[in-house]
Amino acid sequence: MESETPRLDSGIRARECSLADILGPGCQLKMPPYQRSYSWEENEVRELLDDLQNAMETGRFHFIGAIVLVGMEDNSFQVVDGQQRLTTLTMVLATLRDLEKDPAEKAGIQSMIGDPDRAMLGEGAIWRLTLNDVDNPFFREAVQGEGSTLRRDIVATDDTNHEVMQKNLAFLHELLADMSEKARRNLFATIRDRVVLVRVIVPDWDGGYEVFRVLNTRGKAPNSHDIVKTEILQHANFSQAEASRYAREWLEHEAKLGGGGLDDLLNIIRQLYGRNTKGKTANVFAKVVLSKVDPRDFVDTELPRYVEAYRVVIKGDPDFGPLTEAIKAPLNHLRLLDHQLWRVPAVAYLYKHPDDGEQALKFFQMLERLAYAMMLHFTTASARQKRYQKLTQLIQNDKPLFEKGSPLLFSKDEVRKVRERMTGRFATFGQRRAMALRTNAALENGETITLEDDATVEHVLPRSVPEDSYWHATWPRTQVQRELCETLGNFVIVPQQINHQADRLDFREKKRIFFESGARIFALTEDLRHRNTWTPEDVRARTEQLVDILMDVWFSTPED
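Quantities reported herein were computed from a predicted structural model and do not represent experimental measurements.

Cut-offs applied
Residues numbered from 1 in each chain as written. Predicted model: local features only at pLDDT ≥ 70, side-chain atom pairs only at ≥ 80, totals over all residues. Heavy atoms only, no water. Helix = DSSP H or I, 4+ residues; strand = E, 2+ residues; numbered from the N terminus. Buried < 20%, exposed > 50% of the residue type's maximum accessible area, 1.4 Å probe, protein only. Contact = heavy atoms within 4.5 Å. Pairing = 2+ DSSP bridges. Phe/Tyr/Trp six-rings, centres within 6.5 Å; stacked < 30°, edge-to-face > 60°. Axes fitted to C-alpha atoms, helices over the stretch in contact; angles between N-to-C directions. Parallel < 35°, antiparallel > 145°, perpendicular 65-115°, else oblique. Left-handed = near helix turned anticlockwise from the far one by under 90°. Nonpolar A, V, L, I, M, F, W, Y, C, P; charged D, E, K, R; others polar. Arc of directions from axis to C-beta. pLDDT = per-residue confidence, 0-100. Core = buried A, V, L, I, M, F, W, Y, C linked by side-chain atoms within 4.5 Å. Expected span 1.5 Å × (residues − 1). Salt bridge = Lys/Arg side-chain N within 4 Å of Asp/Glu carboxyl O.

## Notes on the overall build of the chain
Part 1 of the argument: Assigned secondary structure in the chain consists of 26 helices and eight strands.
Part 2 of the argument: Within the chain, buried positions represent 54% of all 560 residues.
Part 3 of the argument: Considering only contacts within the chain whose residues lie at least 6 apart along the sequence, 71% involve residues at least 24 apart.

Below is the structure:
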């Protein structure tokens, strides 16, 4: 008889349990210090709540998937996978608790959130769930403490993701407050008794992240920055204390930029280290970047400087002393564009030259001009990318940026083609917005308008003219309407509310709304104040006039 091969033990333990089993007395679930911040949006919260209500109404169980845990020496568990679900379910429970009037019912709900009687064992022992070092203080104050979800004086700071949590709490309160008391109690009973999951306990972090990757890549993939962070920590061979410190710093980077911003920055860094842009950042970052720089040096020295450079780029708020306001203008003009390839040389420049204000002003003025020309004349992404890559290489190699042959300079033929394109139609929303707002800043008494301002592009001649409109008297040819409607000469800038009011009205009525409503009047709109007609000839002449003004701003100095 053949002897059986001994069965190997993976150390992984998995079993079905209820939510109440892992949010029960004595249970402590902790997020690793370097776990990403809470990030669920309203649609994901709504989907979970819909599933819970469906389970309540049908009497069925609701399965929320696997929760992956690593057992710790103090009998607590660190959560490798499940943060978003557990945090959101705790927020639902906290909202139900604060809407409940009966003390006994309230205490029953609170028992799945925390246990004040365990205070003598330390702060962590009180609570079922502890988030990362950045999120946890806000989570304690805004969610876990009794009555906290009803407070309106807890402010989410700008440099964190706490506003996302705050918005979701407001959304939950609005929906749950509309339910009857009986329905809310039934919902809590459903969460307590009929929300089921698979609890997966793994012996160590390596096993935990392997399970995490397998589970997540079967469905929604984890964020690139989560995977890159894990690879950096593994490549650097940090001690647990070092890993915790670096991971807290990583969370601070994510809080500054947001998860999507950090993903974008890592992709930019990947491009700066290797010209080949093929493949997902998460898959090639180690090969392209970590093979060329020590992981410790990268997280200690390089990454913080890149984060600050990228933050300046996406927020448009540099600090160059007395030249700050002047440099803000081209940066905010760049932020209006419908392509983002310009961000790579911008980040590279700020990383290399964070302090020289005079050169930064010249660089960003010329980069703005280049980026608009890329939108106007270089119509393919590959053509734009080649020019930006050439500029980026000059920056990285400390080569002259403003001398003959630089990608920032233009030939006479390129200048001609840029001007020619500016007199034509702008078919996309992004192009219309960028061109109108940039032109506004070039006008006398004009100002730089940012993405955050209440400023929309209004077509004086409506894009769709009603059949009975007076516009047909001055614009009888439909072909001419289509030709000139989307040109620069037909654009003004107004607040959103005025845009809706003006819509398809005739010229005189639009002027009345623009100038008599008390709304903000932009320079590009002020131009209409003394005009009495709006004919095809008016629009063509105005287009030429505005193009000349913008071309003079960009190309008043002859190219070398």
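Read on for the rest.
## Side note on the pairing of strand β7 (residues 456–459)
Part 1 of the argument: On β7, burial covers both faces: Thr-456 and Glu-458 on one face and Val-457 and His-459 on the other are all buried.
Part 2 of the argument: Looking at chain direction, β7 and strand β8 (residues 491–494) are connected through four bridges and run antiparallel. Within β8, the residue paired with Thr-456 across the bridge is Val-494.

## What to know about the packing of aromatic side chains
Part 1 of the argument: All chains considered together, the criterion is met by nine aromatic pairs.
Part 2 of the argument: Measuring from ring centre to ring centre gives 4.0 Å for Tyr-306 and Tyr-351, while their planes differ by 10°; the resulting arrangement is stacked. A residue pair is termed long-range when its members are at least 10 positions apart, and Tyr-306 in helix α14 (residues 295–315) and Tyr-351 in helix α16 (residues 343–352) qualify at 45 residues. Taken individually, Tyr-306 and Tyr-351 each receive the classification buried, so the pair is uniform in this respect.
Part 3 of the argument: Pairing Tyr-349 with Phe-363 gives two aromatic rings, centres 4.1 Å apart and planes at 10°, and the pair type is stacked.

## Thoughts on the packing of helix α10 (residues 224–236) against helix α11 (residues 240–257)
Part 1 of the argument: At a minimum axis distance of 11 Å, the contact between α10 and α11 shows a crossing angle of 155°. Of the possible angle classes, the one that applies to α10 and α11 is roughly antiparallel. Of the two elements, α10 crosses α11, and the hand of that crossing is right-handed. Here His-225, Val-228, Lys-229, Ile-232 and Leu-233 of α10 come into contact with α11, specifically with Ala-243, Trp-250 and Glu-254.
Part 2 of the argument: Within the contact of α10 with α11, the residues separate by chemical class into five nonpolar, one polar and two charged.

## A closer look at the sheet that holds strand β2 (residues 29–30)
Sheet strands pair via backbone hydrogen bonds, and the direction of the pair is either parallel or antiparallel.
Part 1 of the argument: The six strands are arranged β1-β6-β3-β4-β2-β5 in an open sheet whose pairing can be described as mixed. In this open sheet, the two strands that pair with only one neighbour each are β1 (13–18) and β5 (129–130).
Part 2 of the argument: Pairing geometry for strand β3 (residues 62–71) and strand β4 (residues 77–81), over four bridges, is antiparallel. Opposite Gly-71, over in β4, you have Phe-77 as the bridge partner.
Part 3 of the argument: Against the sheet, helix α8 (residues 181–194) engages β1, β3 and β6 (195–202), with an angle of about 35° to β6.

## Some thoughts on the side chain of Gln-110
Part 1 of the argument: Looking at the element boundaries, Gln-110 is found in helix α4 (residues 103–110).
Part 2 of the argument: Residue classification places Gln-110 among the buried positions, given a relative accessible area of 6%.
Part 3 of the argument: In contact with Gln-110, other than residues within four places in its own chain, are Arg-97, Trp-127, Gln-144 and Glu-146.

## Quick word on helix α22 (residues 478–485)
Part 1 of the argument: Of all the residues in α22, the buried ones are Val-480, Gln-481, Leu-484 and Cys-485. The buried side chains of α22 occupy one side of the element, clustering within an arc of 120° when seen end-on. Counted as exposed and oriented over 90 degrees from the buried face of α22: Gln-479 and Arg-482.
Part 2 of the argument: Elements in contact with the buried residues of α22: β7, α21 (471–474), β8 and α26 (536–555).

## Re the confidence of the model for the chain
Part 1 of the argument: For the chain, the average pLDDT comes to 86, and 89% of its residues sit at 70 or higher.
Part 2 of the argument: Low pLDDT (under 50) marks residues 217–221, which in the prediction has two contacts with non-local residues, meaning those over four places away or in another chain.

## Considerations on the nonpolar core
Part 1 of the argument: Core analysis: the largest hydrophobic core is formed by 94 residues, its most contacted members being Leu-265, Ile-269, Phe-363, Phe-364 and Leu-367.
Part 2 of the argument: A per-element tally of this core places helix α17 (residues 357–376) first, with 13 residues.
Part 3 of the argument: For Phe-364, the contacting residues outside a window of four places in its chain are Ile-327, Pro-330, Leu-331, Leu-334, Ala-346, Tyr-349 and Leu-350.
Part 4 of the argument: Grouped together as the second largest cluster of nonpolar side chains are 50 residues, Leu-23, Met-56, Leu-86 and Leu-172 included.

## Here we look at the packing of α10 against helix α13 (residues 281–290)
Part 1 of the argument: The contact between α10 and α13 brings their axes to 9 Å, and the two run at 40°. Compared by their axis directions, α10 and α13 come out oblique. Crossing geometry of α10 relative to α13 is assigned as right-handed. Residues Ser-224, Ile-227, Val-228, Glu-231, Ile-232 and His-235 of α10 form the contact with α13, whose participating residues are Ala-282, Phe-285, Ala-286 and Leu-290.
Part 2 of the argument: Counted by class, the contact of α10 with α13 contains seven nonpolar, two polar and one charged residues.

## Examining helix α3 (residues 83–99)
Part 1 of the argument: The end-to-end C-alpha separation of α3 is 24 Å, in line with the 24 Å expected for 17 residues at 1.5 Å each.
Part 2 of the argument: For α3, the tally of buried residues reaches 17 of 17 residues, placing the bulk of the element in the interior.

## Here we look at the pairing of β6
Part 1 of the argument: Within β6, six of the eight residues are buried, leaving the element largely enclosed by the surrounding structure.
Part 2 of the argument: As defined by bridge partners, β1 adjoins β6 across six bridges and the pair is classed as antiparallel. Along β6, the bridge assignment pairs Glu-16 with Val-198.
Part 3 of the argument: Direction of pairing for β3 relative to β6: parallel, over a ladder of seven bridges.

## Observations concerning the pattern of salt bridges
When charged atoms on two side chains of opposite charge get close, those side chains can pair.
Part 1 of the argument: Within this structure, the stated rule accounts for 29 salt bridges.
Part 2 of the argument: Put simply, Arg-46 and Glu-42 hold a salt bridge, and the shortest N to O gap is 3.6 Å. Placement of both Arg-46 and Glu-42 in helix α2 (residues 42–58) is noted, with a separation of four residues, approximately one turn of the helix.
Part 3 of the argument: You can call Arg-46 partly exposed: its relative accessible area is 37%.
Part 4 of the argument: Overall, Glu-42 belongs to the partly exposed group, its relative accessible area being 39%.

## Description of unusual backbone geometry
Part 1 of the argument: You will see that Asp-398, though not glycine, has its phi angle at about 55°, which is positive.
Part 2 of the argument: Structurally, Asp-398 can be placed in the loop between α18 (381–396) and α19 (412–422).
Part 3 of the argument: Unlike most non-glycine residues, Asn-445 shows phi in positive territory, near 65°.
Part 4 of the argument: Here Asn-445 is to be found in the loop between α20 (429–442) and β7.

## Looking at the environment of Asp-135
Part 1 of the argument: Note on placement: Asp-135 falls in the loop between β5 and α6 (136–144).
Part 2 of the argument: Judged by its relative accessible area of 2%, Asp-135 falls in the buried class.

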